[in-house]
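Secondary and tertiary structure notes
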Amino acid sequence: MIDMKTDSRKVKPGDTFIAIRNVARDGHDYIEAAIEAGATKIICEEGNYSVETEIVPNTREYLNKYLYENYYPRFSDMKFIGVTGTNGKTTICYLIYQMLMKLGCKCAYIGTIGFYYPGGSRELNNTTPDTDLLYEMFLEAKEAGCEVVVMEVSSHALDLNRIYGIAYDEVAFTNLTQDHLDYHKTLENYREAKRILFTKTRGDKIAVLNKDDEHYTHFLLDDNKNITISDEEGDVKILSIHFSNLGTHFTFSFENHVYETDIHMVGRYNVYNYLTSFLLVKNLGYDIEDILKLNETLKAPKGRMELIPYGTNSIFVDYAHTPDAVMNVLESSKEYKEGKVITIVGCGGDRDPLKRPIMGHAAEVSSDYVIYTSDNPRTENPTLILEDILKGVEQENHEVIVDRKEAILKGMSLLKEKDILMILGKGHEDYQIIGKEKHHFSDQEIVYEYIKQNPIEK
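From a predicted model like this one, the values you see are computed outputs, not experimental measurements.

Focus: the sheet that holds strand E4 (residues 52-55)
With parallel pairing, the four strands of this open sheet are ordered in space as E1-E2-E3-E4. Only two strands of the sheet have a single neighbouring strand rather than two, namely strand E1 (4-5) and E4. As paired strands, E1 and strand E2 (residues 16-18) are joined by two bridges and run parallel to one another. Within E2, the residue paired with Met4 across the bridge is Thr16.

In structure tokens, the structure reads:
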């Protein structure tokens, strides 16, 4: 394993600790903790310590060069697939992971829901971890016999060069909407950060693009083999879509053939997600019919339009935490609703405050009733976050319940025949961040407990 660590909590006796500075924290503040954990060498930009110390001008540049020279050759023969965009990354990458494993190709997945590889999995703190953790996962994947690594590539990781040295055989762009402006400041900066991925291609340089997103031309690089998806004119053309609360039936044309298939996911946006996965797998050399045969067994990631039936009602838990994602999932629910759509949603603290009123508006216009509540308030006052959300709310079809558990219980109690309850924002997360502490909290657990205590006779 890699003997140079950027996280003092992961230091083992004999390791080297390198102090990285970034927006969130300064690694120099954790040097003493690393020494206490057994670090025998410190690499930093300033200071003098009780163990061997090396001062360098830029610790991140030093780390990246060290890892690339010493570790990259060990896994450079694996195929790398990188997916970026505001929404859809997790679903696409998780679908690819499932497809390849079912096709007999050992694959590793790295992203929001964790690190998955044959024989194991674990949670991650970041969608795209720092370079040392990434390289360590690549080595683990190699040791597990993986031929392919599919990973979500975040704008933060691209801007901070966490993917240093990695060349991608295939890349994909999903969409671009307002998010992370607390970090990038402008949508243009956000877009340019994501564009970096498309300059890091190798081999056949496959690039799959959602042509129906207004920003797609910024990712259309001449050096890549670009393949577009559209419901109008693209290399893959979506011809028809039909929804039910159990899945989606759709047809599409590709390479002068028309294909008809079903997926166990709902929402128009999931057709784009599926087709992106389909194309990335197909261009690794797999037969189209063999891929389509897998659809019956494919599952959406946990917390992505995750269905919990309750009598005639449908409860969906989804990770939607951007205005566009909220609008997409709510519009999808309306495609097959028979009763009312009730939505529970909030916004995270210490994140872009400009999207909060937009989120509030997106929820109210696409729901019959909305309960605004806490998400991960972090160090902000949750009441003030909710006040920001309500600045975009114009209708009276809502109430505010700060406590998320109470909000979910209230939403469950409002359900009548054939209603839909959308619980948005946290998805797969089984915690709530209050202050700087994580507390166990699961939207799904609260729903299941309510159903257990309030069963509906069939």
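Structural notes on the pattern of salt bridges
Within this structure, the stated rule accounts for 25 salt bridges. Between Lys282 and Glu255 there is a salt bridge; the shortest N-O distance is 3.3 Å. Note that Lys282 is positioned in helix H9 (residues 268-282) and Glu255 in the loop between strand E14 (247-254) and strand E15 (257-263), a separation of 27 residues in sequence. Look at Lys282 and you get buried, because its relative accessible area is 18%. Salt bridges sharing common partners tie together Arg21, Asp26, Glu45 and Glu46.

Quick look at the packing of helix H12 (residues 356-365) against helix H13 (residues 382-390)
Contact geometry of H12 with H13 gives a least axis separation of 6 Å together with a crossing angle of 65 degrees. For the element pair H12 and H13, the recorded crossing hand is right-handed. Facing H12, whose interface residues are Arg356, Pro357 and Gly360, H13 presents Ile385, Asp388 and Ile389. In terms of residue class, the contact of H12 with H13 is made up of three nonpolar, one polar and two charged.

Things to note about the nonpolar core
Core analysis: the largest hydrophobic core is formed by 69 residues, its most contacted members being Phe252, Tyr274, Leu275, Phe278, Val326 and Met422. Here this core gets nine residues from one element, more than from any other, and that element is H9. In contact with Val326, other than residues within four places in its own chain, are Ala320, Val345, Met359, Ala362, Ala363 and Leu424. Tyr71, Tyr72, Leu124 and Leu158 belong to the second-largest nonpolar core, a separate cluster that totals 44 residues.

Overview of the pairing of strand E3 (residues 41-44)
Within a regular strand, side chains alternate between the sheet's two faces. Burial along E3 is two-sided: Lys41 and Ile43 and Ile42 and Cys44, pointing in opposite directions, are all buried. Note that E3 and E4 share four bridges and pair parallel. Looking across to E4, one finds that Lys41 is bridged to Glu52.

Describing the pairing of strand E11 (residues 201-210)
With respect to burial, E11 is a largely interior element, seven of its ten residues being buried. Of the pairings in the sheet, the one linking strand E10 (residues 168-173) to E11 comprises five bridges and is parallel in character. Residue pairing across strands places Tyr168 opposite Thr201, the latter belonging to E11. Judged from the five bridges that link them, E11 and strand E12 (residues 225-230) form a sheet pairing that is parallel. Among the inter-strand pairings, Asn210 is bridged to a residue of E12, identified as Ile229.

Some points on helix H14 (residues 404-413)
Listed in full, the buried residues belonging to H14 are Arg404, Ala407, Ile408, Gly411 and Met412. Down the axis of H14, the buried set is contained in an arc of 135 degrees. They therefore lie on one face. By the N-cap criterion, in which a side-chain oxygen at the helix start approaches the backbone nitrogen of a residue two or three places on, H14 is capped by Asp403, the distance to Lys405 being 3.1 Å.

What counts, and where the lines are drawn
Residues numbered from 1 in each chain as written. Predicted model: local features only at pLDDT ≥ 70, side-chain atom pairs only at ≥ 80, totals over all residues. Heavy atoms only, no water. Pairing = 2+ DSSP bridges. Helix = DSSP H or I, 4+ residues; strand = E, 2+ residues; numbered from the N terminus. Salt bridge = Lys/Arg side-chain N within 4 Å of Asp/Glu carboxyl O. Buried < 20%, exposed > 50% of the residue type's maximum accessible area, 1.4 Å probe, protein only. Axes fitted to C-alpha atoms, helices over the stretch in contact; angles between N-to-C directions. Left-handed = near helix turned anticlockwise from the far one by under 90°. Contact = heavy atoms within 4.5 Å. Nonpolar A, V, L, I, M, F, W, Y, C, P; charged D, E, K, R; others polar. Core = buried A, V, L, I, M, F, W, Y, C linked by side-chain atoms within 4.5 Å. Arc of directions from axis to C-beta. Polar contact = N/O pair within 3.5 Å; in protein donor to acceptor, adjacent residues only side chain to side chain.

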